[in-house]
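Observations on chain architecture
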Amino acid sequence: MQDINCGNITGFASLISRSERIAIVTHMRPDGDAMGSSTAMYHFLSMLGKKNHRIIIPDPFPSYLDFLTSGIPSGAISAHSGDRTGAEEALAGSDLIICLDFNAFHRTDTLADALASSRADKVLIDHHIGPDRDCFAVSFSETEVSSASELLYHIIMEFPQISGDASRLPLSCAASLMTGMTTDTNNFANSVYPSTLAMASALLAAGVDRDKILSELYNRHTESRLRLMGHMMKDLMVITEDGVAYIVLDSKTMQEYDVREGDTEGFVNMPLSIEKVRMSLLLKEEEDRIRVSIRSKKGTSANRCARMFFNGGGHENAAGGRLNKPGDIASIEEAAGYIEKHTHIYLTEHEDNE
Ligand code: 5GP
Ligand code: MN
């Protein structure tokens, strides 16, 4: 990670101190890093004496992340999908909007227009490739960090109120940061940098209960989730001659196993444990589209494949996107053919050519 620009820190701190109403926004289908960084930001603003700040998300977060929001009044978190007017009015009435864990407004889906039209100052804190810097008064963008939560940690540590001493952080803020980093690294499996371990060490020393976080994140699943995982790996996973593993989850199967938001978190990584697999895709059928998650081993770019053939993007080895129905495929039955054809084209014609 490069040094965080001190001018930016001063600029961010002064925007916070002169703003009364502050909104914290993160990407659609918020995951652990999105909610971890957002709730950490919320607690840090409270510590700075702010009284009127709230988290606005495009759609609800999965229930396994509920523990992150204990200690935050329920009225201070709103999902646009549940209260369109409330969320839009809150954005329009904000003096400052802090954008976490996304690089461009469109990643907030239905909130994108409200963000673009809001006259609030906007600050970006993100770790994706290719940030839309022009949209922000101040932007912190680092790709050589594990997560938005880690980047936020390094920023917060520079504030004079903290001065590099993690024990000065509210414990709820520290725990949220640890959670976001833990989920984005897949519990220290990927994207771990020296700065990531330094952060983890400081947060542990500051009293974060990592055992509790791990048990919240990984030991509270339903039985049907594990049975679904077995079914997916045994019966649904296909491996192509190019070394692409893919799994298509149709809505019938998801109903059968009572799949809730967040239930398939992490499953897309599993096929990468097979030696011959260089890229893994998980497709989940939704009403009007099919969500795509892509992971790749070093040397293969999930990000480029997502951008070229799956209407998406992300990080080098962890990306996502969608297939539109009927734009890309007429029905879920065509998904397997689409994947096989396009990953073959990608790996034989485009990989290593840019
Ligand atoms: P996941 O597979 O966990 O949903 O997403 C992995 C990563 O891919 C996320 O960190 C996110 O950055 C990126 N990603 C997921 N879906 C999309 C998408 O539709 N568009 C873009 N640009 N990135 C996505
Ligand atoms: Mn992230």
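Just above, that's the structure.
Bear in mind the structure is a predicted one, so any value in this text is a computation, not a measurement.

A cis amide bond links Lys325 with the next residue in sequence, Pro326, at an omega value of 5°. Checked against the element boundaries, Pro326 lands in the loop between strand 12 (318-324) and helix 12 (335-350). One non-glycine residue, Asp101, lies in the positive phi region at around 65°. Tracing the backbone shows Asp101 in the loop between strand 4 (96-100) and helix 4 (112-117). Even without being glycine, Phe188 reaches a positive phi, approximately 70°.

Further remarks concern the site of ligand 1. For ligand 1, the set of nearby residues contains 13 residues, the closest of which are His128, Ser293, Arg295, Gly313 and Ala319. Interatomic distance of 2.6 Å between a side-chain N/O atom of His128 and an oxygen atom of ligand 1. Between Arg291 and ligand 1, the recorded distance is 3.4 Å, taken from a side-chain N or O atom to a nitrogen atom. Within the complex, the protein chains bury 80% of what would otherwise be the 490 Å² of accessible surface of ligand 1. Those elements that place two or more of their residues in the shell around ligand 1 are strand 10 (289-296), strand 11 (313-314) and strand 12. Of all the elements, strand 12 adds the most residues to the shell around ligand 1, at four residues. Across the shell around ligand 1, the residue classes tally to two nonpolar, eight polar and three charged.

In contact at an axis separation of 8 Å, helix 2 (residues 32-47) and helix 6 (residues 171-184) are set at 165° when each is read in the N-to-C sense. By the angle between their axes, helix 2 is roughly antiparallel relative to helix 6. Judged by the sense of rotation from one axis to the other, the crossing of helix 2 with helix 6 is left-handed. In this structure, helix 2 contributes Gly32, Asp33, Gly36, Thr39, Ala40, His43 and Phe44 to the contact, and helix 6 contributes Ser172, Cys173, Ser176, Leu177, Gly180, Thr183 and Asp184. Of the residues belonging to the contact of helix 2 with helix 6, the class tally is four nonpolar, eight polar and two charged.

Counting 53 residues, the largest nonpolar core has Phe12, Met41, Ile125 and Phe140 as the members making the most contacts within it. Not counting residues up to four positions away in its chain, the partners in contact with Phe12 are Met41, Ile98, Val123, Ile125, Val138, Phe140, Ile155 and Phe159. Formed by 23 residues, the second largest nonpolar core is a distinct cluster that contains Ile294, Ala302, Phe310 and Ala335.

Turning next to helix 12. Residues spaced three or four apart along an α-helix face the same direction, because each turn holds 3.6 residues. With 16 residues, helix 12 should reach 22 Å at 1.5 Å per residue; the first-to-last C-alpha distance of 21 Å fits that figure. Check the buried side of helix 12 and you find it contacts strand 8 (244-249), strand 9 (279-285), helix 11 (302-309) and strand 12.

Across the sheet, which stays open at both edges, the six strands sit in the order 3-2-1-4-5-6 with parallel pairing between neighbours. In the strand order of this sheet, the two ends are held by strand 3 (77-79) and strand 6 (138-141), each with one partner. Along the sheet, successive strands turn relative to each other by an average axial angle of 20°, direction set aside. Pairing of strand 1 (residues 21-26) with strand 2 (residues 52-57) involves five bridges; the strand directions are parallel. The residue of strand 2 that forms the bridge with Val25 is Ile56. Together, strand 1, strand 2 and strand 4 form the strand contacts of helix 2, whose direction differs from that of strand 2 by roughly 175°. Running at roughly 130° to strand 2, helix 3 (residues 84-92) makes contact with strand 1, strand 2 and strand 4 of the sheet.

Now for the coordination of the manganese ion (ligand 2). For the manganese ion (ligand 2), the full set of protein donor atoms is Asp33 (OD), Asp101 (OD), His127 (NE2) and Asp184 (OD), and the range of their distances to it is 2.2 to 2.4 Å. For the manganese ion (ligand 2), all donor residues lie on one chain, and their spacing in sequence is D-x67-D-x25-H-x56-D. Taken together, the residues Asp101 in the loop between strand 4 and helix 4 and Asp184 in helix 6 connect sequence positions 83 residues apart.

Summed over all chains, the structure comprises five aromatic pairs. With a centroid separation of 5.6 Å and an interplanar angle of 70°, the aromatic rings of Phe105 and Phe136 are classed as edge-to-face. With Phe105 in the loop between strand 4 and helix 4 and Phe136 in the loop between strand 5 (121-126) and strand 6, this residue pair connects regions lying 31 residues apart in the sequence. Neither residue differs from the other here; Phe105 and Phe136 are each classed as buried. Ring pairs connect the aromatic residues Phe12, Phe44, Phe140 and Phe159, which therefore count as one cluster.

Attention shifts here to the pairing of strand 9. In terms of burial, strand 9 is a largely internal element, seven of the seven residues being buried. Residues Met279, Leu281, Leu283 and Glu285 point to one face of strand 9 and Ser280, Leu282 and Lys284 to the other, with burial holding for every one of them. Alignment of strand 8 against strand 9, held across six bridges, turns out to be parallel. Its bridge partner lying in strand 9, Val244 is registered against Met279. Alignment of strand 9 against strand 10, held across seven bridges, turns out to be antiparallel. Counted as the bridge partner of Lys284 is Arg291 from strand 10. Hairpin connection, strand 9 to strand 10: the antiparallel pair is bridged by three residues.

Criteria and thresholds
All chains use their own residue numbering, which begins from 1 and follows the written sequence. Lettering of chains starts at A and numbering of ligands starts at 1, both following the order in which they are written. Selection of residues for local features in this predicted model requires a pLDDT of at least 70, selection of side-chain atom pairs for listing and counting requires 80 or more, and totals for whole chains, interfaces and linings are taken over all residues. Side-chain metrics in this entry use all non-hydrogen atoms of the structure; hydrogen atoms and water are not considered. Strands here mean DSSP runs of E at least two residues long; helices mean DSSP runs of H or I at least four residues long; both are numbered from the N terminus. A molecule or strand has a residue near it when one of that residue's heavy atoms lies within 4 Å. Polar contacts here mean pairs of N or O atoms no more than 3.5 Å apart (in protein, one a potential hydrogen donor and the other a potential acceptor; neighbouring residues in sequence count only if both atoms are side-chain atoms). Each accessible area is a Shrake-Rupley result for a 1.4 Å probe, and residues are judged covered by the shown protein chains and nothing else. Side-chain classes follow a simple rule in which Ala, Val, Leu, Ile, Met, Phe, Trp, Tyr, Cys and Pro form the nonpolar group, Asp, Glu, Lys and Arg form the charged group, and the remainder, Gly included, forms the polar group. Working convention: axes come from line fits to C-alpha atoms, limited for helices to the stretch in contact. Angles between N-to-C directions cover 0 to 180 degrees. Note on angle classes: values under 35 degrees are labelled roughly parallel, values over 145 roughly antiparallel, values of 65 to 115 roughly perpendicular, and the remainder oblique. By convention, the crossing between two helices is left-handed when the near helix turns anticlockwise from the far helix through less than a right angle, and right-handed when the turn is clockwise. Only heavy atoms enter the contact rule, under which two residues are in contact if any of them lie within 4.5 Å. Remark: nonpolar core denotes a set of buried residues (Ala, Val, Leu, Ile, Met, Phe, Trp, Tyr, Cys) joined through side-chain atoms within 4.5 Å. Burial status follows relative accessibility: with a 1.4 Å probe on protein chains alone, a residue under 20% of its type maximum counts as buried, one over 50% as exposed, and anything between as partly exposed. Here a helix's expected span is defined as the number of its residues, less one, multiplied by 1.5 Å. Two strands pair if DSSP finds at least two bridges between them. Excluding water, the donors of a metal are its N, O and S neighbours within 2.8 Å, or within 3.2 Å for Na, K and Ca, and that exclusion means sites may look incomplete. Centres within 6.5 Å are what make two rings of Phe, Tyr or Trp a pair, Trp counting through its six-membered ring; a difference in plane orientation under 30 degrees is then read as stacked, over 60 as edge-to-face, and the rest as tilted.

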